[in-house]
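Understanding the architecture of this molecule
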Amino acid sequence: MKNAFKFDRERLLLGIAGPVLALAVAFALSVLVLVASGLDPIEPFQIMFSSLQEQDVQVLIVNQWATYYLAALAVAVGFRMNLFNIGVDGQYRLAAVLAAIVGVKVSAPGPLHILIIILTAIVVGSIWAGVAGVLKTARGVSEVVSTIMLNAIAGNLIAWMVLKDQFGEQAEGSNDLTTGLIDESGWFPGIKVSDFAGEIYGFVFIAAAVGVVYWYVLSRTRFGFDLRASGASESAAAASGVDAKRMVLVSMLISGAVAGLAGMPELLGGTHTYSSNFPVGVGFTGITIALLGRNNPIGVAFAALLIAFLDKASSQLNLEGYPAEIAKIMQGLIVLSVVISYEQVRRYGQRRQQHRVGEELAAQAKKNRKEVSA
Amino acid sequence: MHAIVGENGAGKSTLMKTLYGMHKPDEGTIAVDGETVDIAGPADAIARGIGMVHQHFMLADNLTVLENVTLGAEKLYGIGGRARKKIMEISAAYSLGVRPDVLVEDLGVADRQRVEILKVLYRGARTLILDEPTAVLVPQEVDALFHNLRELKSEGLTVIFISHKLGEVLSVADDITVIRRGTTVASVTPGEVTRKQLAELMVGSELPTPETRESTVTDQPMLQLEHLTLAEGGVSAPLAHTGAGGTTLPESATTETVAAGRKLLDDISFTIHKGEVLGIAGVEGNGQTELIDAIIGMHTPDSGTIRLDGTDVSSWPVRRRREAGLGYIPEDRHRHGILLDSPLWENRILGHVTEPPNSRGFRLDIKAARADTERIVEEYDVRTPGIDVTAASLSGGNQQKLIVGREMSHHPKLLIAAHPTRGVDVGAQAQIWDQIREARREGMAVLLISADLDELIGLSDTLRVIFGGKLVADADPATVTPEELGTAMTGAASGHLETPDDAPGAGADTEDGRR
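Since we're looking at a predicted model, the values are computed, not measured.

Quick word on the environment of L112(A)
All names here are of chain A. Its place among the elements puts L112 in helix 5 (residues 110-139). We classify L112 as partly exposed; it has 13 C-beta atoms within 10 Å. Taking the C-alpha atoms as reference points, L112 and S185, separated by 73 residues in sequence, lie 8.6 Å from one another.

What to know about the UniProt feature "transmembrane region" (unreviewed entry) in chain A
Residues and elements named next belong to chain A. Mapped onto the present numbering, the UniProt feature "transmembrane region" (unreviewed entry) falls at residues 12-37, 57-79, 91-108, 114-135, 144-163, 200-218, 247-264 and 284-310. As annotated, residues 12-37 has a helix share of 96% and a strand share of 0%, and its two end C-alpha atoms lie 38 Å apart. As a span, residues 91-108 carries 83% helix and 0% strand, and end to end its C-alpha atoms are 25 Å apart.

Description of the nonpolar core
The biggest cluster of nonpolar side chains holds 242 residues, and the ones touching the most others in it are A72(A) and I416(B). Among the elements that make up this core, the one with the highest residue count is helix 3 (residues 55-80) of chain A (16 residues). Sequence-distant contacts of A72(A), defined by excluding residues within four places in its chain, comprise G286(A), I289(A), A290(A), G293(A), V300(A), A303(A) and A304(A).

Quick word on helix 8 (residues 222-232) of chain A
Most of helix 8 of chain A is tucked away: eight of the eleven residues are buried. Here helix 8 of chain A has its buried residues at G224(A), F225(A), D226(A), L227(A), A229(A), S230(A), G231(A) and A232(A). Close packing links the buried residues of helix 8 of chain A with helix 3, helix 7 (203-220), helix 9 (234-239) and helix 10 (244-261) of chain A together with helix 13 (344-349) and strand 16 (363-364) of chain B.

Here's the deal with unusual backbone geometry
The amide bond that connects P356(B) to the next residue, P357(B), takes the cis arrangement and shows omega of 5 degrees. For P357(B), the location among the structural elements is in the loop between helix 13 and strand 15 (359-360). Although it is not a glycine, R294(A) sits at a positive phi angle of roughly 55 degrees. Along the chain, R294(A) turns up in the loop between helix 12 (282-292) and helix 13 (297-313). Positive phi, close to 60 degrees, is recorded for N295(A), a residue that is not glycine. Mapped onto the fold, N295(A) is located in the loop between helix 12 and helix 13. On the neighbour-count criterion, N295(A) (21 C-beta atoms within 10 Å) is buried.

Remarks on the sheet that holds strand 5 (residues 127-130) of chain B
Residues and elements named next belong to chain B. Spatially, the six strands line up as an open sheet ordered 4-5-6-1-7-8, and their pairing is mixed. Each having just a single partner strand, strand 4 (50-53) and strand 8 (183-188) make up the two edges of the open sheet. Taking the axes of each pair of neighbouring strands and ignoring which way they run, one obtains an average angle of 20 degrees across the sheet. For strand 4 and strand 5, the ladder comprises four bridges, and the chain directions are parallel. The residue bridging I50 from the neighbouring strand is T127, located in strand 5.

Quick look at the interface of chain A and chain B
Contact residues are listed per partner, giving 27 residues for chain A and 36 residues for chain B. For the side of chain A that touches chain B, the elements supplying multiple residues, two or more each, are helix 1 (2-36), helix 8, helix 9 and helix 15 (325-373) of chain A. Broken down by class, the residue content of the side of chain A that touches chain B amounts to eleven nonpolar, ten polar and six charged.

Thoughts on the packing of helix 4 (residues 88-105) of chain A against helix 10 of chain A
All names here are of chain A. Running from N to C, helix 4 and helix 10 point in directions that differ by 55 degrees, and their axes come no closer than 7 Å. The pairing of helix 4 with helix 10 is recorded here as oblique in orientation. For helix 4 against helix 10, the interelement crossing comes out right-handed. Each of V88, Q91, Y92 and A95 in helix 4 lies in contact with helix 10, whose residues at this interface are G256, A259 and G260. Its residues assigned to classes, the contact of helix 4 with helix 10 shows four nonpolar, three polar and no charged.

With respect to the pairing of strand 11 (residues 277-281) of chain B
Residue and element names in this part refer to chain B. Counting buried positions along strand 11 gives five out of five residues, so the element sits mostly inside the fold. Sheet analysis places strand 11 next to strand 18 (residues 445-449), joined by four bridges and oriented parallel. If you follow I280 over to strand 18, its bridge partner there is I449. Two elements, strand 11 and strand 19 (residues 462-467), share four bridges in a ladder whose sense is parallel. Bridge pairing in strand 19 links A281 to V465.

Describing the confidence of the model for chain A
Averaged over all residues, the pLDDT of chain A equals 88, while 95% of them reach at least 70. For the stretch residues 1-5 of chain A, pLDDT sits under 50, and the model shows five contacts to residues farther than four places along the chain or on other chains.

Considering the confidence of the model for chain B
Residues and elements named next belong to chain B. The share of residues in chain B with pLDDT of 70 or more is 87%, and the mean pLDDT across the chain is 80. Considering each helix and strand of chain B separately, the mean pLDDT is smallest for helix 9 (residues 195-203), with a value of 74, and largest for helix 13, with 94. Segment residues 234-260 is flagged for pLDDT under 50; beyond a separation of four residues in sequence, or across chains, it makes 50 contacts in the model. The low-confidence segment residues 500-515, where pLDDT is below 50, has 27 contacts with residues more than four positions distant or belonging to other chains. As scored by the predictor, the complex reaches a pTM of 0.77 and an ipTM of 0.83.

Things to note about the sheet that holds strand 11 of chain B
All names here are of chain B. As summarised here, the arrangement of the seven strands in space is 14-17-18-11-19-20-21, forming an open sheet in which the pairing is mixed. Of all strands in the sheet, those bounded by a partner on one side alone are strand 14 (326-329) and strand 21 (495-497). With strand direction ignored, the average angle separating the axes of adjacent strands in the sheet is 25 degrees. Sheet topology note: the strand 17 (residues 414-418)/strand 18 ladder contains five bridges and is parallel. Pairing of L414 across the sheet is with A445, part of strand 18. Against the sheet, helix 10 (residues 288-296) makes contact with strand 11, strand 14, strand 17, strand 18 and strand 19, and its axis sits at roughly 155 degrees relative to strand 17, the strand it touches most. Helix 15 (residues 396-409) contacts strand 14 and strand 17 of the sheet and is inclined by roughly 175 degrees relative to strand 14.

Scoring rules and cut-offs
Residues numbered from 1 in each chain as written. Chains lettered and ligands numbered in written order. Predicted model: local features only at pLDDT ≥ 70, side-chain atom pairs only at ≥ 80, totals over all residues. Helix = DSSP H or I, 4+ residues; strand = E, 2+ residues; numbered from the N terminus. Buried ≥ 20, exposed ≤ 12 C-beta atoms within 10 Å, placed from the backbone. UniProt positions renumbered as here; feature names shortened; annotations may be inferred. Core = buried A, V, L, I, M, F, W, Y, C linked by C-beta atoms within 7 Å. Contact = placed C-beta atoms within 7 Å. Pairing = 2+ DSSP bridges. Axes fitted to C-alpha atoms, helices over the stretch in contact; angles between N-to-C directions. Nonpolar A, V, L, I, M, F, W, Y, C, P; charged D, E, K, R; others polar. Parallel < 35°, antiparallel > 145°, perpendicular 65-115°, else oblique. Left-handed = near helix turned anticlockwise from the far one by under 90°. pLDDT = per-residue confidence, 0-100.

And the structure:
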């Protein structure tokens, strides 16, 4: 058991080495970008870090975290079985708009109203992802292609649905089309921090709970084992008795359901309506986060926090005369360096482990030989 | 011609990879033509006239021989007439008989190997490394290969070949180097040693034999296949082409060449009884993989029924069949038997996730699975420092022992054993044979598929030969010789194999030898 511990600790260290290396590289490259554009390479980071002390930024980051965490988990479910669900963004937006519409049309007592909205989002998200799942299992269409296309379809569907002829409303003196405001019974209670900083969405805790469920299902259940086996080796999983098609469909449905939830912190806690200002691209950010967090629920949580920080703290940059796009560039650089550094670390770890297994066996063999000769 | 022999895992392949520049040596030097060299990589090795023919061919199926040979070496002679001329020249010089315009997918194993050799010669190699070139060939093809190699030798080329088949080494090599556990233990010439001595040098002790002594065959059928037929088709089938249709070479009937709609499995029927080992001999790619897939449930046959212990399981999914007592030692363990990046204890769960001790209800029972993994590691002598290392960090033989241990731990009613001892060392080989024998005594039925004819003959109670998706011959393992089996494996003999004289003419469309 001593050995087991040693190997585990090593795996943990290597697990941390990957993201740390990636972040260091991304940071260095960002500095280079700043220098190349003739800007002070360090001050923007100082500004971002110092904004962390402000309570309102803290609240914004935590609230953003919930959305990002859910979106990243949605992506991660797919990743764990080698499905690349690029459509999280479309699933999330379509789920949000339909949940908003249902929320407006329905009136029910508090918890029930919220539940109906959440269920709508889950169902819509799964159905939209399920389309890609069915296409893949029935016709062999790559989920990458189909989800990208479904994103475009979702975007246009949403634009059509928020028109005034359908479900849209336009507040007086505003160009903004919304789906109308959900009754207060459908607002998810939050935790008020202060008048100035606003409140932390209650849905933050739901997001954290989803992370726990994700961990439990994947690492502690038969289903999770089958899913991970499919991701590790489709052929071995099939030989072990996993129905590959069913697994693709089910994990797409789950991925879509979680994607549907990703819109809920904002809808239930913040805007209470779907408008053209509703954040776009959350699904893509989710891909970055899932990659950075290695699909591990805790890793993803930290990654989501980091990206939320980059997002929210960068708005300070504009005020100080720096382009806020620095944060975007940095996110892109993180993705690049993550992919490279993880592969490097993985190979290093594998080589090292093989080496050590060989070493230990050689040592054992030597000992045995001595014992025999003694 | 220099042969490197040693048991599996002795370091033969590592040595060759080092020569070919795929690994860097920690110490020591390599000298080519008396000159000490430092080989930086395969490209460097090629530049120095060292060429390697890998055990697994590296050819693009959908390109012609000419295209495969010129691929990556376009600068040498272009890709047109000049290249063709050069290929024909080399082919004629060493009587390789290569046809430049045939698609590689239409070629049999032996032909592909010749293309690989030509590829290496085309790049100007003066030293050829062949990694277990005979592993995939039947005895007659081995003779043809050695004939080619002698031609090369007479032209002044150096051939290094790796093998663990001692008979062929003794008959063909000029010098033999024996390696064991990564070091040279002897350098001998064929005249000096007998086969037995060589074997002892190789393993440090006497070679085990796969012989099964007393028969444990009962009359209760465990697996019954009736008229199993599977035609190529479905979405992944290539467009029908009849390239393989008129060819006379027997090797060209491997499944890769089967045009759409042709039968991969053709009316296969047999019964394996409790306590019986049924061995299937055949050149790889003649339907063995499809047969296994059909029995395990990964392929749905077009017609025919599969009965396991009296129950028709034809429509059952894989998992249900495995739960019903189907054990599986896959031919390609990396593809079908193991999760390389997962720890050993997760690999112990693989394939049996619904069975104790791995799970209780829908939950995994990680503690019990881990404890049982420790047991398997202990009982089956899996050499590992712990159960948390990934499967990838174990040697192939130890991975195989883990798989065998896992499958045996669930007391299968029927074990599908495809090349059960491929890549494992001699000690482990004997152990695996013992385990199969013991389980067979307790009533397990075994479907044994192996390229090792000695293993097939030694372990089986009944032997069948598969060729072109058909069972074309049967034999009694007590009397049949590897040569007779080899003849049937190329399709040159069918029916019941008694003595070589009884075999009907080549390619005859005689009825198969089903009882």
